[in-house]
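Listed below are the residues making up each chain.
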Amino acid sequence: MSGFFNEIDLAPPNSILGVALECKKDNYINKIDLTVGAYRDDNGKPHVLNVVREAEKIIYESKMDHEYLPQDGYNDFNLLSQKLAFGDNSELLSNGKLYTIQGISGTGSLRLGAEFLSKFLPNKRCYIPKV
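Small disclaimer: the values here were computed from a predicted structure and weren't measured.

About the thresholds
- Residues numbered from 1 in each chain as written.
- Predicted model: local features only at pLDDT ≥ 70, side-chain atom pairs only at ≥ 80, totals over all residues.
- Heavy atoms only, no water.
- Helix = DSSP H or I, 4+ residues; strand = E, 2+ residues; numbered from the N terminus.
- Rg over C-alpha atoms; globule rule 2.2 N^0.38 Å.
- Buried < 20%, exposed > 50% of the residue type's maximum accessible area, 1.4 Å probe, protein only.
- Areas by Shrake-Rupley, 256 points an atom, 1.4 Å probe, with all protein chains shown as cover.
- Lys, Arg positive; Asp, Glu negative; His and termini not counted.
- Charge placed at Lys NZ, Arg CZ, Asp CG, Glu CD.
- Contact = heavy atoms within 4.5 Å.
- Patch = residues over 30% accessible without salt bridge, like charges linked within 9 Å, V, L, I, M, F, W, Y side chains within 5 Å.
- Salt bridge = Lys/Arg side-chain N within 4 Å of Asp/Glu carboxyl O.
- 1 Å grid on protein atoms, 1.4 Å probe; cavity = no way out; pocket = protein on both sides within 12 Å on 5 of 7 lines; lining within 4 Å.
- Points joined across faces, edges and corners; volume = space filled by probe spheres on them.
- Nonpolar A, V, L, I, M, F, W, Y, C, P; charged D, E, K, R; others polar.

Peer 1: Describe in detail the overall build of the chain, supporting the description with residues and values.
Peer 2: Helix and strand counts for the chain stand at 5 helices and 0 strands. Listing the helices and strands of the chain from first to last along the sequence gives α-α-α-α-α. On C-alpha atoms alone, the chain measures out to a radius of gyration of 20 Å, which is more than a quarter above the 14 Å that the 2.2 N^0.38 rule sets for 131 residues. Taken along its principal axes, the extent of the C-alpha atoms in the chain is 55 × 45 × 35 Å. Looking at the 131 residues of the chain, the share that counts as buried comes to 5%. Put simply, the chain shows about 12,900 Å² of open surface, and 59% of that area lies on carbon and sulfur atoms. Computed over 15 positive and 17 negative side-chain charges, the inter-centroid distance for the chain is 4 Å.

Next comes the structure, spelled out in structure tokens:
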């Protein structure tokens, strides 16, 4: 079957998902799969933590709107993230030398962000905190 995208090479497979597949193949009875950040019960079914259910209930009951966030994310979240990563008394924070963008989808958005920085700001540095 021919298609619009046939001429585009496939991207390399996601290494984390490859590790997850290898873990699933392992028959060790006491293994704990921490590869994709999802909890499972003893039957291998997804398990949602009670704290997540409580948060969902709070969100539902608050009748939040579905307005889009600004392109760089929720400002309060970004500022609190800066404080968490660099400390409340960080000189970088007090001097306005930090800029934070909220990304969704974990490593995918982080990779895209790093790619963007390397392409458009090749002489700049991106610091990644050890948290």
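Past the structure itself, the notes keep going.
Peer 1: Please give an account of the side chain of Gln82 that cites residues and values.
Peer 2: With respect to the secondary-structure elements, Gln82 resides in helix H3 (residues 75–86). If near-sequence neighbours (up to four positions away) are discounted, Gln82 is found in contact with Gly87, Leu93, Leu98, Tyr99 and Thr100.

Peer 1: Any chance you could break down a nonpolar patch on the surface for me, citing the residues and the numbers?
Peer 2: Where nonpolar side chains cluster on the molecular surface, the patch consists of Tyr39, Val48, Leu49, Val51 and Val52 and spans about 410 Å² of accessible area. Along the polypeptide, Tyr39 turns up in the loop between helix H1 (15–25) and helix H2 (50–61).

Peer 1: Describe the layout of surface pockets, with residues and values.
Peer 2: Its boundaries defined by the atoms lining it, the second largest pocket holds a volume of some 450 Å³. Forming the boundary of the second largest pocket are 14 residues, of which Lys31, Ile32, Asp33, Arg40 and Asp41 lie nearest the centre. In terms of residue class, the lining of the second largest pocket is made up of 6 nonpolar, 2 polar and 6 charged.

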